[in-house]
Amino acid sequence: MAVLETQGLHKRFGKVQALDGVDLSVEPGEVYGFIGPNGAGKSTTIRILLGILRASAGSARIFGLDAWRDAATIHRDIAYVPGDVSLWSNLSGGEVIDLFLRLRTGREGRYRNELIERFDFDPTKKCGAYSKGNRQKVALIAAFSADAGLYIMDEPTSGLDPLMELVFRECVADVKARGASVLLSSHILSEVELLCDRMSIIRQGRVIDSGTLADMRHLTRNRVSLETDAPVRGLDRLSGVHDLQADGTTTTFTLDNAQTPQLLAFLADKDVRHLTSAPPTLEELFMGHYAG
């Protein structure tokens, strides 16, 4: 059974259709990416999953329970990290972490002290003195300290430096190894590319593509760079070759994956010195969906 599942999820705010039939399914032990620009519907979907908003139509279920009716029960086994963390300025970071943990579980988290050290965090300072990155650390430490079955994260590394982003990735790998699931909404496409088993791209309230990165790359073109002893003629006549650019003996183009055997056959009698063919990055896939 899926840990998290939405089917035909709709949400309207007056005349604005924020979500238009969103389908998601996150399996046990899976890290699932949820990407899209601001206003695409990511945060609205997450608020429905958290029981903060009620869907206009469709269903949202976590652990088999209704996200709206059973929100209190569901929250006992989920951890949530927003992208903009607000804290009580008169409490210390350590006090807030402990408060969050006791609200969830009634006890201190198993990994609290270890995570404070890993995130290089000073829990004795008042929250009013924290930078955005340190406020983010409070939420991350509280979340990862809990033995949750599902972690819902909405831009969780906002404000973190690259070293702390690496620690975050290690923590995600740790909770996955324990069998927990993660829904990761992020603008940092390299982060999604490194961490996620599957992902969905949302645009204007609709999921426009889902699957593994390999699944989505299968539908796209590889970028090819070719160096030869002499200029190559006739590439423009091959089917599947696009965006051809030649500069003397160096040629670059994009190629439909299915046409790779044809290209190799064409180059068999050419004096090829160097050939690279690279699949697109997630960022290139993402921008391709939004072109135009």
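Definitions and cut-offs
- Residues numbered from 1 in each chain as written.
- Predicted model: local features only at pLDDT ≥ 70, side-chain atom pairs only at ≥ 80, totals over all residues.
- Heavy atoms only, no water.
- Pairing = 2+ DSSP bridges.
- Helix = DSSP H or I, 4+ residues; strand = E, 2+ residues; numbered from the N terminus.
- Contact = heavy atoms within 4.5 Å.
- Axes fitted to C-alpha atoms, helices over the stretch in contact; angles between N-to-C directions.
- Buried < 20%, exposed > 50% of the residue type's maximum accessible area, 1.4 Å probe, protein only.
- Arc of directions from axis to C-beta.
- Salt bridge = Lys/Arg side-chain N within 4 Å of Asp/Glu carboxyl O.

This part is about the sheet that holds strand 2 (residues 16-26). If you trace the 4 strands from one edge of the open sheet to the other, you get 2-1-4-5, paired in antiparallel fashion. The sheet is open, and its two edges are formed by strand 2 and strand 5 (65-66), each paired on a single side. The pairing of strand 1 (residues 4-13) with strand 4 (residues 57-62) spans 5 bridges and is classified as antiparallel. Pairing of His10 across the sheet is with Ala57, part of strand 4. Its contacts with the sheet place helix 1 (residues 42-49) against strand 1, strand 2 and strand 4, and it is angled at close to 115° to strand 1.

Now for helix 9 (residues 260-267). Those residues of helix 9 that sit buried are Leu263, Phe266 and Leu267. Angular distribution of buried residues about the axis of helix 9 spans 90°; they occupy a single face of the element. Facing away from the buried surface of helix 9 by more than 90 degrees, the exposed residues are Pro261 and Ala265. The elements touched by buried residues of helix 9 are strand 11 (221-228), strand 13 (250-256) and strand 14 (272-278).

Here 4 strands make up an open sheet; going across it, the order is 12-13-11-14 and the pairing antiparallel. Both outer strands of the open sheet, strand 12 (241-247) and strand 14, are each paired with one neighbouring strand and no more. Neighbour to neighbour, the strand axes of the sheet diverge by 15° on average, direction disregarded. Note: strand 12 against strand 13, 5 bridges, orientation antiparallel. Within strand 13, the position partnered with Val241 by the bridge is Leu255. Set on the sheet, helix 9 makes contact with strand 11, strand 13 and strand 14; between it and strand 13 the angle comes to about 150°.

Another aspect to go through is the pattern of salt bridges. One pass over the full model with this rule turns up 15 salt bridges. Here Arg206 ties to Asp20 by a salt bridge, and the two come within 2.7 Å at their closest N and O atoms. A residue pair is termed long-range when its members are at least 10 positions apart, and Arg206 in strand 10 (residues 206-211) and Asp20 in strand 2 qualify at 186 residues. Between Lys176 and Asp197 there is a salt bridge, and its shortest N-O distance comes to 2.7 Å. Here Lys176 is found in helix 6 (residues 162-177), whereas its partner Asp197 is found in the loop between helix 7 (189-195) and strand 9 (198-203), with 21 residues between them in sequence. Taken together, the shared-partner salt bridges in this structure form one network comprising Glu114, Arg118, Glu170 and Asp174.

The backbone of Glu155 sits at a positive phi, close to 55°, despite the residue not being glycine. Inspection of the secondary structure puts Glu155 in the loop between strand 7 (150-154) and helix 6. Take Glu155: its relative accessible area is 16%, and that puts it in the buried class. One non-glycine residue, Asp243, lies in positive phi territory at about 55°.

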